[in-house]
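# Residue-level structural notes
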Amino acid sequence: MPTEAQVREIAAAFQIKGNFTEIALGFGGGHINSTCRLEVADVAGKKSKYILQRINRNAFKDPVKVMDNVVHVTEHLRRKFAATGRDPARETLTFLPTADGLYYHIDTEGEYWRCYDYVDDVYTLQLVENPEDLREAGRAFGRFQRMLTDFPAKELHDTIPNFHNTKLRIKALERAIYEDVIDRNMTCQAEIEFASERTPKGGWLVDRMEAGILPQRVTHNDTKINNVLFDCATHEALCVIDLDTVMPGLVAYDFGDGIRFGASTALEDEHDLDKVRLDLDLYRAFAEGFLGECGELITEAEHESLLYGAYLMTYTIGVRFLTDYLVGDVYFRTAYPKHNLVRARTQFKLVAEIERHWNELEAIMESLRK
Ligand code: ADP
Ligand code: GN1
Ligand code: MG
């Protein structure tokens, strides 16, 4: 975490002036970037709030390309929202330029920072209890998909190549098992076995993408419900945030990750696996919200791929957590030594849940086919 003095210096690069009335370090609960919230009062006492974020360079090797994607996508969304009578200042992120006109600042340690307006009177959810909230989140991500359908995916940089390529994620896991650099294999035999038994299924999406059966679109690729801001007044999903992973991808990724996180009855790092279930009402709610916004623009093959998206995104992220556990927790932020293993376990429990409910989930998807 940066110090308050560093934060003030970095904020100055984004031309933020005035008295700092709040510096909240360690804001937000993401696993990758470091987020701070700032509040500044001008001479007249008028307060403004900002988010200042350090981009994790282990995950994002080229932060300039990340910001190029993010700025282009938010500009596009801003135009679209304005044209349809919506409020771009609240419904998409507004990034601040530095004095040099760049949307990032490099600090003395070579770290990249960006700054954007904090959207006021919003809340985020870590766990969904009410299907209406997940339906709203589904709408927000489905709308995101629809608003970007005319954005040329080829213009986006592939900031994390093969991000959701399950086959390559399995290969990385196999390497980690083989190398066993910190002797953790013996502590997770059951999880290794669970993942290994399912490797033949790993190609379902990526093979169809490579064969041209599933088209690449502009996708968000990190559609956790905590990446949606909800409006305090209306309880509607207002704004999709955390745009770092916006890249060309499959619609099944966004659908799938939304289900993985949102339709679970427990947190991603719940210890008690009895509490981790896939809630079919939540699944349906997300699917209804998502397809209500973008169902008409996707193909039959894409519709068929969505349930596989839920299955494989959950499996793939479980594989990534397990891999990170085996290599010594170098990627995801962890709070204790087995944190990644605990996360892998919840994901694998959800994978088993999806397998158990497969026919019911197929029926839900069938009922939503246009
Ligand atoms: P991370 O990479 O840590 O997931 P996010 O961009 O998702 O970072 O931000 C973390 C949290 O900060 C969000 O879940 C949300 O609660 C809050 N947040 C981020 N951006 C804004 C914003 N512009 N307005 C209000 N809250 C925000
Ligand atoms: C990371 O940064 P955050 O917490 O929104 C990760 C996602 C995972 C997610 C699991 C760049 O997202 O891919 O699905 O954790 N982001 C990156 O919760 O790897
Ligand atoms: Mg986030």
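Definitions and limits used
Residues numbered from 1 in each chain as written. Chains lettered and ligands numbered in written order. Predicted model: local features only at pLDDT ≥ 70, side-chain atom pairs only at ≥ 80, totals over all residues. Heavy atoms only, no water. Pairing = 2+ DSSP bridges. Helix = DSSP H or I, 4+ residues; strand = E, 2+ residues; numbered from the N terminus. Contact = heavy atoms within 4.5 Å. Axes fitted to C-alpha atoms, helices over the stretch in contact; angles between N-to-C directions. Domains from an automatic or database assignment. Buried area = accessible area lost by both parts, 1.4 Å probe. Salt bridge = Lys/Arg side-chain N within 4 Å of Asp/Glu carboxyl O. Polar contact = N/O pair within 3.5 Å; in protein donor to acceptor, adjacent residues only side chain to side chain. Nonpolar A, V, L, I, M, F, W, Y, C, P; charged D, E, K, R; others polar. Donors = N, O, S within 2.8 Å, 3.2 Å for Na, K, Ca; no water. Phe/Tyr/Trp six-rings, centres within 6.5 Å; stacked < 30°, edge-to-face > 60°. Buried < 20%, exposed > 50% of the residue type's maximum accessible area, 1.4 Å probe, protein only. Lys NZ or Arg CZ within 6 Å of the ring centre and 35° of its normal.

### Digging into the sheet that holds strand 2 (residues 34-41)
Strand pairing in a sheet is mediated by backbone hydrogen bonds. Such pairs are either parallel or antiparallel. What the five strands build is an open sheet, ordered 1-2-3-5-4; its pairing is antiparallel. Pairing within the sheet leaves two strands with one partner each, and these edge strands are strand 1 (19-24) and strand 4 (105-106). Taken together, the two bridges between strand 4 and strand 5 (residues 112-117) define a ladder with antiparallel strand orientation. In the strand pairing of strand 5, His105 is matched with Trp113. Against the sheet, helix 1 (residues 4-13) contacts strand 1, strand 2, strand 3 (47-54), strand 4 and strand 5, and its axis sits at roughly 120° relative to strand 1.

### Re the sheet that holds strand 8 (residues 228-231)
Strand order in the open sheet formed by three strands is 6-8-9, with antiparallel pairing between adjacent strands. A strand with exactly one partner marks an edge of an open sheet, and here the two such strands are strand 6 (122-123) and strand 9 (237-240). Relative to strand 8, strand 6 runs antiparallel, the two sharing two bridges. Counted as the bridge partner of Tyr123 is Phe230 from strand 8. Helix-sheet contacts for helix 4 (residues 131-147) involve strand 8 and strand 9, and the interaxial angle to strand 9 is about 45°.

### Regarding the domain arrangement of the protein chain
Its domain assignment divides the protein chain into domain 1 (4-60 + 96-120) and domain 2 (131-369). Taken over C-alpha atoms, the centre of domain 1 sits 29 Å from the centre of domain 2. Contact with domain 2 buries area across many residues of domain 1, yet His31, Phe60 and Val119 alone supply 51% of it, more than any other trio. Inspection of the domain 1/domain 2 interface yields one salt bridge. Asp244 serves as the salt-bridge partner of Arg114, at 2.8 Å between the closest nitrogen and oxygen. Remark: the boundary between domain 1 and domain 2 carries eight residue pairs in polar contact (both at pLDDT 80 or more). Of the residues in the side of domain 1 that touches domain 2, the class split is four nonpolar, five polar and one charged.

### Some points on the coordination of the magnesium ion (ligand 3)
Around the magnesium ion (ligand 3), the protein supplies Asn227 (OD1) and Asp242 (OD) as donor atoms, at distances of 2.1 Å. Taken together, the residues Asn227 in the loop between strand 7 (217-219) and strand 8 and Asp242 in the loop between strand 9 and strand 10 (247-249) connect sequence positions 15 residues apart.

### Some points on the packing of aromatic side chains
Taken as a whole and judged by the stated rule, the model has 15 aromatic pairs. Note on Tyr123 and Phe230: the rings are 5.5 Å apart at their centroids and 20° apart in plane angle, and the pair reads as stacked. Of the two residues, Tyr123 sits in strand 6 while Phe230 sits in strand 8, which places them 107 residues apart along the sequence. Under the relative-accessibility criterion, Tyr123 is labelled partly exposed at 23%. Ring centres 5.8 Å apart and planes at 85° place the aromatic pair Tyr311 and Trp358 in the edge-to-face group. Note that Tyr311 is positioned in helix 10 (residues 300-327) and Trp358 in helix 12 (residues 358-367), a separation of 47 residues in sequence. Just as Tyr311 is buried, Trp358 falls in that class too. One Lys or Arg, Arg37, reaches over the ring of Tyr118 and ends 4.9 Å from the middle of that ring. We note Arg208 situated over the ring of Trp204; from NZ or CZ to the ring centre the distance is 3.8 Å.

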